[in-house]
Each structure stands twice: as C-alpha cells, then as structure tokens.
Amino acid sequence: MRHTGPKIHVPLWAILPLIFFAVLAAHFPLLRLPYYWDEAGYYIPAAFDFFRTGALIPYSTLSNGHPPLPSIWLTLWWKIFHFAPIVTRISMCLVAAIGLTAVWRLAIVATGRTSVAVSTVLLTAVYPVFFAQSSLAHADMFAAAATLWGLVFLMEERFWLTALAFSIAALCKETSIVTPAALALWIAWRGRIWRGPDGAGPSLRERLSAVIALLIPILPLAAWYAWYWSRTGFLFGNPQYFRYNATATLNPERILIALGYRIMHITIHMNLFVPVALMLACLLLPPVQDDGVPRPRISAAHLAVFGVVIATNVVFYSVLGGALLTRYLLPLYPLILLIAVNTFRRRLREWSALVALSAAAFVIGLFVNPPYRFAPEDNLEYVTDIHLQQAAIHEIVTHYPGQTVLTAWPVSDEMSKPELGYVTHPVSVVAINNFSAPQIAKADFMPRTWTVMLAFSTKYDPPSLPFGLGRRSESWDKRYFGFHRDLPPQVIARALHGGVVWAEMEKNQWAAVIAFPTSGAREARLTLLPGAGKR
C-alpha cells in the first residue's frame, strides 16, 4: 500500500498537546464528577483492585475477562498523582487526545490536506458520543485510540507499528481484534486494490508483511486468555457474561434488528444525519476544479480500508454484544466524518459552512436529547443522571444515616463503595434489578431488612411525541435488549407501603427517596398471606 498524496510533515509533538489541552478545557466542568454506570460497575473497581493489590483479575466486582491495559493505565496515573475522579478523567482526556491525533494523521495520509484534518478532528471531538466518552473511564476509548493509530500505520506501510497498535487495542478491549483480522483477510483476498503512482499494486512480500502484522495481535490476546483461564477456569469471562454477550444474541431476528439499530447509529444518531445528509447532497454536485484540475477524492485504496473497518464492526456488533451501546463503534465515527469532510471540500467551494453546520448540530446534540431511547452516556445526559443520584444519596446519608437502603445497580455500588465518589463511608444496601413492576412485586415479599429506598430511572425513555418514534420498537427492545419500564415513585411507594419524602425530575429522568414505617405491622400482614412462607 503506497501513500500517493502530498507528503505534509506536521510534527505530532506539536499537535498532541494542542488537542489535549483543548479536550481538557472542553471537559473542565466534568472532571470532578463521580464515576458513572459501567465505570462504577466494572472499570473503576477492576482498576482499583489492581491499584491496591496488583490483581489483574478483579475480585471486588464480577470478573468478565476484559484485558488489563485500561486498569494498568489508570493505576499508573493514580500512583503518580492521586486516586481521585479528576485524575482519572484527565488521564482519559489524554487517551481521547491521542485518538484525535490519530484522526489528524489519518486525514493527512488519506487526503494530504491540513484543512480537512483540522475539520475532521473538530467534528470528531464535538460529536456527542465521542465527546461524552472522552472523559469516561471505559475501555472503548482506549481501544478506539489504538485502533485509529493502527489504521494510520497500516496506511503508511509501517507494519510493525501496525502490529503494536492493534495489539494494544486488543489488550484494551478484546473485541477490537475483529478490525485487524478483517483487514488481514481483505488484504490477502484483494491486495491489488492498493496501487502506487505507477499503477502497480503491492508486491507479494508487502502483502504478506501486512497480513502478518495484522494477525500478530491475536498472540498477546490469546496469551491473556490462556492466563485468565489458568486462574479462573473460564476462557471468556464468567458464564453469565459470555451468555449475555454471545450465546444469547445468536438469534436471526435479533441480529437483523440489531443491524438496523447499528446502521442508525452510524448514519443518524446524535445528529450524525446532518453531515451524512450534506455529504449525500454534495455528491449530486460536480467536483470543484482548481486550475482546471478536479479536487481529489480519497483514494479507492483508503476508502476500501475504511469500508472494511466500518462494515466489519457494524456486522460484528450486531451479532455479539448484549447491549447496543454506541461506544462500541467509537473508531467508526472519525472515518465517516473524514469521508464527509473531504466530500464537502471536493464538491463545494464554501465547504467550511457545511463543517460549521455539522459542528453546530453536534453541539446541540450534546444538550438536546433525541426523540428515541438511547444510553445517557451518548451525550451529556449522563451528567443529569449523576447529579440526580448524587442528590438522592446526599438526602439519605443526611437524614437516614446508618439505615439499610433498598435500591438497584449501579446506585447499590455507588452507596456501598466510597471509592466511586458518592459517599465517604459504605452504606448498607439491598439490591433489586430495577424498578419495574415485577421487581417491585419481588421486593414486596423480601424480608424487610431495609427502611428507606432510593429509586431512580434506570432507562432513559423519551416523552411521547406525535410520531411515537421511541415506542414502536418497544416489543423488540423488551424481547432482545432488556428494556423495561420503571414505575413512578408514587406507585412504588404505594406498592411497598411507604411514602415519598424527596424526589427530583430533570429532562425526563428522576430519582426519589421513599421511607417506610419501622413498626412490625408489615411483617404481621405478611404472615397472614396464604403461602407467604414459601415465597
């Protein structure tokens, strides 16, 4: 694979600090937030176990076999500085900046245009999914940054650096291995689509070197799983995790529905439809000519690489993965935006206006929720979630100290693990799965060891809109993707014979504190129910 565009040497030592400080400044209001959702449920406890004891396999949370590089990275920062959310979030901003620097270099290699590189980095950085993930301690940003650098090195024919980058990606998140594996198959099958200035394709030796470099990352990942199996007896995490993310997903109808969602995620989600629609509209225009020469397109070779990566990941994450989280697709968004930006430039002289319009749409998407169900971590809605949970927890520790709290995950972890940033001392909790009617009915017959309840919205469900976009797929979501409806706080309180003593609602998310009488009346009532002792 030969680089045929203009060779523009921009020192990365100058680009990376600029991008890092820009990312840090944009995320400054978020740096002190406590940990959220999967951070609190897995990634921070796993890294904290390594930080305290050097254990690569977590023991304070359910081990699922994820590779250890994110835990090692976070521990390094905590050892150098301090164990605190602000240190974690600054370290993640650096990871995001490393990924954005790869986007810069990728745009330079693919187009040779600094203006295209600047615009692509800007749009990637402010795209809501990428922006939200840039300070959250999930493995996906680690894997995305390494994957993007792997693509850069592959397109520059620096094959051993390609192997290194994709190996790092695989040891950050195991599913990242699908990208180099797919590219290896593509090169082995259709290597001659890459052509140099003389029209000749790569030699057999070059193709073989590329394939070997792309397959090398399998080795460190296999070594990790061999060691993990020797310590736990499980090959791919615990059986429940493997069933949820692999065997339970292999249903043809579910795969097709998931594929539809994934296509939506890379075309319209969080206002991505704006640059995509503008790009399609620009394709109707003839190329702009400079001195009688049409502005260049991205080469067929590079478009093929992008296409293989996008298609492989969309299909792969439609088949595997119990949750349809958009953060799994993080490496794809810069590729889509790069293609869009270069199309803008090629087809329109005033193309910067389209970049500005796309950026404005993305900034709006950070604050304005779409009219359908989505994960709050896809934009700044997760901040609302954190603030509501913080306020409810503060209400309980202030007015109900020392009492046992009935709640659901992740608040059950947030209250029992001070290291997550919500409490200073562990609070005794009893956990249920969620606040749906079946779970509340289950709680009604549990031993009444708790005297206060923290209920909250565990799913974001948009308000009803005229076209009802969010509700038409509800039966599919319930059947395949674990959707449920939480009962309102007042209904929960009536069902469990308590009273709402505090509640807040913001942007269709809510949290409530429900208190219960401490007399024995409830226990006496239960003994009168037929068969109560068998429940």
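Here the structure is a predicted model, which means the values were calculated and not measured. (Residues numbered from 1 in each chain as written. Predicted model: local features only at pLDDT ≥ 70, side-chain atom pairs only at ≥ 80, totals over all residues. Heavy atoms only, no water.)

Draft legend 1. Spatial organisation of helix H1 (residues 12-26). Between its first and last C-alpha, H1 extends 21 Å over 15 residues, near the 21 Å set by a 1.5 Å rise per residue. Here H1 has its buried residues at Ile15, Ile19, Phe20, Val23 and Leu24. Projected onto a plane normal to the axis of H1, the buried residues spread over an arc of 155 degrees and lie on a single side. The exposed residues of H1 that point more than 90 degrees off its buried face are Trp13, Leu18, Phe21 and Ala25. Considering only its buried residues, H1 is in contact with helix H4 (85-111) and helix H5 (114-126). (Helix = DSSP H or I, 4+ residues; strand = E, 2+ residues; numbered from the N terminus. Expected span 1.5 Å × (residues − 1). Buried < 20%, exposed > 50% of the residue type's maximum accessible area, 1.4 Å probe, protein only. Arc of directions from axis to C-beta. Contact = heavy atoms within 4.5 Å.)

Draft legend 2. Summary view of the pairing of strand E7 (residues 509-515). Extensive coverage of E7 is indicated by the burial of seven of its seven residues. Alternating residues of E7 divide into Gln509, Ala511, Val513 and Ala515 and Trp510, Ala512 and Ile514, and every residue in both groups is buried. Sheet topology note: the strand E5 (residues 452-456)/E7 ladder contains five bridges and is antiparallel. When the bridges of E7 are listed, Val452 appears paired with Ala515. Direction of pairing for strand E6 (residues 499-506) relative to E7: antiparallel, over a ladder of seven bridges. When the sheet's bridge partners are listed, Trp502 is paired in E7 with Val513. (Pairing = 2+ DSSP bridges.)

Draft legend 3. Structural view of the nonpolar core. If you look at the biggest cluster of nonpolar residues, it comprises 163 residues, and the most contacted ones within it are Tyr382, Met453 and Ile492. A total of 16 residues in this core trace back to one element, the largest contributor, which is H4. The residues touching Met453, leaving out its near neighbours within four places in the chain, are Ile396, Val405, Leu406, Ile432, Phe435, Ile440, Ile492, Leu496, Ala512, Val513, Ile514 and Phe516. Formed by eight residues, the second largest nonpolar core is a distinct cluster that contains Ile57, Leu171, Ile177 and Trp224. (Core = buried A, V, L, I, M, F, W, Y, C linked by side-chain atoms within 4.5 Å.)

Draft legend 4. Fine view of the pattern of salt bridges. Counted according to the given criterion, the structure contains eleven salt bridges. Among the salt bridges present, the one from Lys173 reaches Asp140, with a minimum N-O distance of 2.5 Å. With a gap of 33 residues between them, Lys173 in the loop between helix H8 (159-172) and helix H9 (178-190) and Asp140 in helix H7 (residues 139-155) connect regions that are remote in the sequence. (Salt bridge = Lys/Arg side-chain N within 4 Å of Asp/Glu carboxyl O.)

Draft legend 5. The arrangement of the packing of H1 against H4 in detail. Here H1 crosses H4 at 130 degrees, and the two axes come no closer than 8 Å. One finds that H1 runs oblique with respect to H4. At the point where H1 passes H4, the crossing takes the right-handed sense. Judged by residue contacts, Leu12, Ile15, Leu16, Ile19, Phe20, Val23 and Leu24 of H1 engage Ile90, Cys93, Leu94, Ala97, Ile98, Leu100, Thr101 and Trp104 from H4. Split into classes, the residues belonging to the contact of H1 with H4 amount to 14 nonpolar, one polar and no charged. (Axes fitted to C-alpha atoms, helices over the stretch in contact; angles between N-to-C directions. Parallel < 35°, antiparallel > 145°, perpendicular 65-115°, else oblique. Left-handed = near helix turned anticlockwise from the far one by under 90°. Nonpolar A, V, L, I, M, F, W, Y, C, P; charged D, E, K, R; others polar.)

Draft legend 6. Seen up close, the packing of helix H2 (residues 38-53) against helix H3 (residues 69-80). Running from N to C, H2 and H3 point in directions that differ by 60 degrees, and their axes come no closer than 9 Å. Between H2 and H3, the angle is such that the two are oblique. In this structure, H2 meets H3 at a crossing whose hand is right-handed. Contacts from Ile44, Ala46, Ala47, Phe48, Phe50 and Phe51 in H2 reach Ser71, Ile72, Leu74, Thr75, Trp78 and Lys79 in H3.

On their own, these measurements won't tell you what the molecule is for.
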